[in-house]
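# Fold and contact review
For reference, the chains in residue letters:
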Amino acid sequence: MEQESGAEAPTVAKEISQAEKESAESILNAPGVLRIKKEFLDWNKLLKTHHGQSSSEGGSQASGEGDKTSPQEPPHKKGKWKKAKGQNKRRPHQKPSELCDVVRLCPSFLKDPDSCQFGERCRFSHSVEEYLANKPADLGDRCYVFDTHGTCPFGITCRFAKCHTDDQNENIINPDVYSPEARPTTSNQLPKDIQTSLRKKQYKFPKSDEYLRAIGKLSTAQGSDDNSVGHKSSAAEAKPGTILENRVDEGLGNSSTTVVNDVQDNAQDKEVSNNGNGTQGDNESPMLQTPPTEVENPAPVEANRPSGSVTDEDAIKLIPGERKKLDFTDKLYLAPLTTVGNLPFRRICKGLGADITCGEMAMASNLLQGQSSEWALLKRHQSEDVFGVQICGSHPEVMSHVAELLNDTISVDFVDVNVGCPIDLVFKRGGGCALMGRLTKFEQVVKGMIGMLDVPLTVKMRTGIYEEKPFAYRVVPHLRDWGVSLVTLHGRSREQRYTKLADWDYISECAKAASPMPLFGNGDILSFEDANRHRESTGVAGLMIARGALIKPWIFTEIKEQRHWDISSHERFQILKDFSNFGLEHWGSDTQGVEKTRRFMLEWLSFLFRYVPVGVLEQPPQKINLRPPYFVGRDDLETLMASGNCADWVRLSEMLLGPAPSNFNFLPKHKANSYR
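Summarised in this report is the structure supplied together with it. For clarity, every value in this text was computed on a predicted model and none was experimentally measured.

### Thoughts on the sheet that holds strand β6 (residues 414-419)
In any sheet, the strands associate via hydrogen bonds between backbone groups, in a parallel or an antiparallel arrangement. Read across the open sheet, the eight strands follow the order β2-β10-β9-β8-β7-β6-β5-β3; overall the sheet is parallel. Both outer strands of the open sheet, β2 (332-334) and β3 (357-363), are each paired with one neighbouring strand and no more. Within the sheet, the average angular offset between the axes of one strand and its neighbour, ignoring direction, is 25°. In this sheet, strand β10 (residues 542-545) lies alongside strand β9 (residues 519-522) in parallel orientation, the contact comprising three bridges.

### Thoughts on the side chain of R598
Counting through the fold element by element, R598 comes out in helix α26 (residues 591-608). What R598 contacts, discounting residues up to four positions off in sequence, is S653, E654, L657, G658, P659, A660, P661 and F664.

### Structural notes on the pattern of salt bridges
Scanning all chains against the criterion turns up 27 salt bridges. As a salt-bridge pair, D530 and R533 come within 2.9 Å of each other at their nearest N and O atoms. In this pair, D530 and R533 both sit in helix α22 (residues 528-538), three residues apart, roughly one turn of the helix. Overlapping salt bridges, with partners in common, bring together K324, R380 and D413 in one network.

### What to know about the packing of α26 against helix α28 (residues 646-657)
Relative orientation of the contacting elements α26 and α28 amounts to 140°, with a least axis distance of 10 Å. It follows that α26 is oblique to α28 by the angle criterion. The chirality of how α26 crosses α28 is right-handed. Here α26 contributes V594, T597, R598, M601, L602, L605 and S606 to the contact with α28, which in turn contributes W649, V650, L652, S653, E654, L656 and L657. Partitioned by chemical class, the residues of the contact of α26 with α28 number nine nonpolar, three polar and two charged.

### Notes on the environment of M655
Tracing the chain through its elements places M655 in helix α28. Among the residues examined, M655 registers a relative accessible area of 25% and is labelled partly exposed. Measuring from C-alpha to C-alpha, the distance between M655 and K577 comes to 9.2 Å, with 78 residues separating the pair along the chain.

### Digging into unusual backbone geometry
Trans is the prevailing form of peptide bonds, just as negative phi is the prevailing case for residues other than glycine. Look at the link from S515 to P516: it is a cis peptide, with omega at 10°. Relative to the helices and strands, P516 is located in the loop between α21 (504-514) and β9. That bond from P620 to P621 is cis: its omega, 5°, falls within 30 degrees of zero. Summarising the element assignment, P621 is placed in the loop between α26 and α27 (636-641). Backbone geometry at N188 places phi at a positive 70°, although glycine is not the residue there.

### Examining the packing of aromatic side chains
The final tally for this structure, using the stated rule, is 13 aromatic pairs. Taking the centre distance of 6.2 Å and the plane angle of 80° together, the rings of F328 and F414 count as edge-to-face. Residue F328 is found in the loop between α13 (312-317) and β2, and its partner F414 is found in strand β6; the two are separated by 86 residues along the sequence. As far as the burial class goes, F328 and F414 line up, both buried. Arranged with centres 5.0 Å apart and planes meeting at 90°, the rings of W554 and Y611 form a pair that is edge-to-face. Of the two residues, W554 is situated in the loop between α23 (547-551) and α24 (555-561) and Y611 in the loop between α26 and α27; the sequence distance between them amounts to 57 residues. Y611 gets classed as buried once you look at its relative accessible area, which sits at 2%. A network of ring pairs unites the aromatic residues F328, Y333, F414 and F520 as a single cluster. The ring centre of F427 lies 3.9 Å from the NZ or CZ of R494, which sits over that ring. A cation sits over an aromatic face here: R598 above F664, 6.0 Å from the ring centre.

### What about helix α19 (residues 439-452)?
Between its terminal C-alpha atoms α19 stretches 20 Å, which fits the 20 Å expected from 14 residues at 1.5 Å a residue. Of all 14 residues in α19, 14 are buried, a share of seventy percent or more.

### With respect to the nonpolar core
I391, F442, M461, L479 and L519 are the most contacted members of the largest nonpolar core, which has 140 residues in total. Contacts of I391, omitting those with residues within four sequence positions, involve A362, A364, L367, M399, V402, L406, V415, D416, V417 and N418. Judged by nonpolar contacts, the second largest core, of 14 residues, contains L28, L34, L617 and A642.

### Section: the pairing of strand β7 (residues 457-462)
Here β7 lies mainly inside the structure; six of its six residues are buried. Along β7, one buried face is formed by L457, V459 and M461 and the opposite face, lined by T458, K460 and R462, is buried too. Inspection of the sheet shows β6 paired to β7 by five bridges, in the parallel sense. Looking at β7, one finds that D416 is bridged to T458. Bridge count for β7 against strand β8 (residues 486-490) is five bridges, and the pairing is parallel. Bridge assignment links M461 to a residue of β8, and that residue is L489. Handedness of the crossover is the feature at issue here: the chain leaves β7, passes through helix α20 (residues 472-482), returns alongside β8, and the resulting connection is right-handed.

Rules used in this analysis
- Residues numbered from 1 in each chain as written.
- Predicted model: local features only at pLDDT ≥ 70, side-chain atom pairs only at ≥ 80, totals over all residues.
- Heavy atoms only, no water.
- Pairing = 2+ DSSP bridges.
- Helix = DSSP H or I, 4+ residues; strand = E, 2+ residues; numbered from the N terminus.
- Axes fitted to C-alpha atoms, helices over the stretch in contact; angles between N-to-C directions.
- Contact = heavy atoms within 4.5 Å.
- Salt bridge = Lys/Arg side-chain N within 4 Å of Asp/Glu carboxyl O.
- Parallel < 35°, antiparallel > 145°, perpendicular 65-115°, else oblique.
- Left-handed = near helix turned anticlockwise from the far one by under 90°.
- Nonpolar A, V, L, I, M, F, W, Y, C, P; charged D, E, K, R; others polar.
- Buried < 20%, exposed > 50% of the residue type's maximum accessible area, 1.4 Å probe, protein only.
- Phe/Tyr/Trp six-rings, centres within 6.5 Å; stacked < 30°, edge-to-face > 60°.
- Lys NZ or Arg CZ within 6 Å of the ring centre and 35° of its normal.
- Expected span 1.5 Å × (residues − 1).
- Core = buried A, V, L, I, M, F, W, Y, C linked by side-chain atoms within 4.5 Å.
- Right-handed = clockwise from strand over helix to strand, strands pointing away.

Printed below as a string of structure tokens:
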């Protein structure tokens, strides 16, 4: 299946004259092009690019290979093609049901033939013979789930069923491996009773309602138009002098700031709502053109503050030492990555040296509605010893309710607030980067969540909204005073997205302003040399790695061992095999689980192909902002892994997960633009 790595480059089919090579030198010498050893250059493709016969991406390996079989983003209504900026927003989507078995066996019938409550009205099949007659062929003779746990819950629907079913199609249990007392390897499942109460809007939030009452936000919590919770509040009367209002006053730290004027708060809410309803564009918002004045001088208000005695129980809860503490110093932090930062990928990075992992960004309002797809983002594998979840929202009532809910239902080591998401859908609702410019709202969100949680609260943010107007430096000290345990700063603004280099000089200034609160830096780390330089020159407490981990997840090993790992194609293929096994364990080994694993693997391959092997580079290490020219690898598998062609990524997935369905198509969600 995979070829052994060799020292010599494969010969190019067509001989290229010296004159033609010299004519293509203009591509290789262009600014922003990675230096590749000449014996590995694919001169045929370079010459096609030079003569204008291939794509307009400047001879880049990342631009693909002109594949016409891969699905393309459909044109806009006016018939014009619009250049994607970071995402293929209009890519074709396939429903999971489109990639399932032709005949689907009833899940209840699979567990117990008499347990289906729908009987003849069930839309799934209850005939094992009919299902087996239409089931696709098995993918192999070894089931990873069965080998790991001693039993496979998918039974005959598993795509590796022959290895753990008998002649009567009954599931086999391996007594040497299976243990009824074994704990599940994945935690943070949402209990059904809580999900039902959330969906019926019957779940109670007594602690957060008390906090919202203290800041005058309880009525908003019951009927907010944007990200409305819609839950019934606690019927208990407000008790002055309780723990929550004291936490508002003291901020669980040395904060001199207090609850701010609701008039200022409502004014800022109005500005954001104008931005979100389409009346003002991103660049037209007056709030975002000029950073709000309260970033520097929040206005404390002493009037109308509840007062009263504090009970012994409240006083005990107020002790900061009782809150769980984490030592973040010098840790390697795998960034929360939407879509690609799933549980199987985090397991890969954890095995390769990551110290801290965090789930994908989850929307607070969706969590409060009990959406299963959103709660799936919070799942934690037992190998993730330091694990957090990232929440995105824009209103204190929503965020405090979510914090109380998470504190009562799941097991995490910290909760992270996303204040760096640049996408329009989040930004126009006042979340993500927009929350940085709404300091009054930001303060209420942070203090409310800290009051609900027994674990540290962290914040991930960018330098600001606009490239020329960074203001994170002024926000970071407030976060420290409010009681935030860690800030992670991505050295780019929302406007930059992932273009241009991250500003580590600005990160250094923010790290000094944050002291003694730890601050992690993030941006453009692709080698241990990058990590050493940024760590030593900026004074940050640690490093967060995002795209670098997607391109080469073994970067954590390189940093810890201080070496460039010239990883072979065989070793890289084994990492993909581990991902497929972890995916089958997490998403299921039936047809639907196999195709879900395939799709997430392809999303990862849309980043992974950008890795250039150390032995191919003229001057290691690889830089994340330099695009490689077309090159061939040291063996066929390495060449295939370096292809920017979607069809080649599907071929790689078929080596591990069998043939893709005939109706399968794929276009990656993220379209790399950092080369420009």
